[in-house]
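Tertiary structure, described
Single-letter residue listing:
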Amino acid sequence: MSGGMTMRDSEQCRRWIEVVHLRSGRDDVAEVAGILGERLAEAAGFTTVVQVRMLRNQMSESDLRIHIHHETRDDQMPDQGLGRSVIELCAERGLINRTLWIEMELEAEYGQEQ
């Protein structure tokens, strides 16, 4: 899902990933993903959100991760309201861990012939 602002290459921007990890005690992750999908439709209302991805753990049916991608100008903090909304929605469904990451540039170019 994409929404929110986009930055031109000429502007200084910082990319963030807000990660919400749900480890449910139940096997209802598919149900949770459906509910979250409806809730994530409101991502366009959060100014720094540019993409949202949901991932299911290959080995465990009860693990779900939501990656909320943000872009901000310079050192501006991202709008974390969507992440908080996801946590409120999942609070009674299991253990939740939320972290905020800043994307770093890689020195090497991968996938290019030399």
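Before reading further, recall that the structure is shown in the block above.
Residues numbered from 1 in each chain as written. Predicted model: local features only at pLDDT ≥ 70, side-chain atom pairs only at ≥ 80, totals over all residues. Heavy atoms only, no water.

Judged by pairing direction, the sheet is antiparallel, and its 4 strands sit side by side in the order 2-3-1-4 without closing on themselves. Looking at strand neighbours, the two that pair on one side only are strand 2 (49-56) and strand 4 (94-102), the edges of this open sheet. The average angle at which neighbouring strand axes cross in this sheet is 15 degrees, direction not considered. Sheet topology note: the strand 1 (residues 13-24)/strand 3 (residues 63-73) ladder contains 11 bridges and is antiparallel. Note that in strand 3 the partner of Cys13 across the bridge is Arg73. Against the sheet, helix 1 (residues 29-40) touches strand 1, strand 2 and strand 3, its axis set at about 25 degrees to strand 3. (Pairing = 2+ DSSP bridges. Helix = DSSP H or I, 4+ residues; strand = E, 2+ residues; numbered from the N terminus. Axes fitted to C-alpha atoms, helices over the stretch in contact; angles between N-to-C directions. Contact = heavy atoms within 4.5 Å.)

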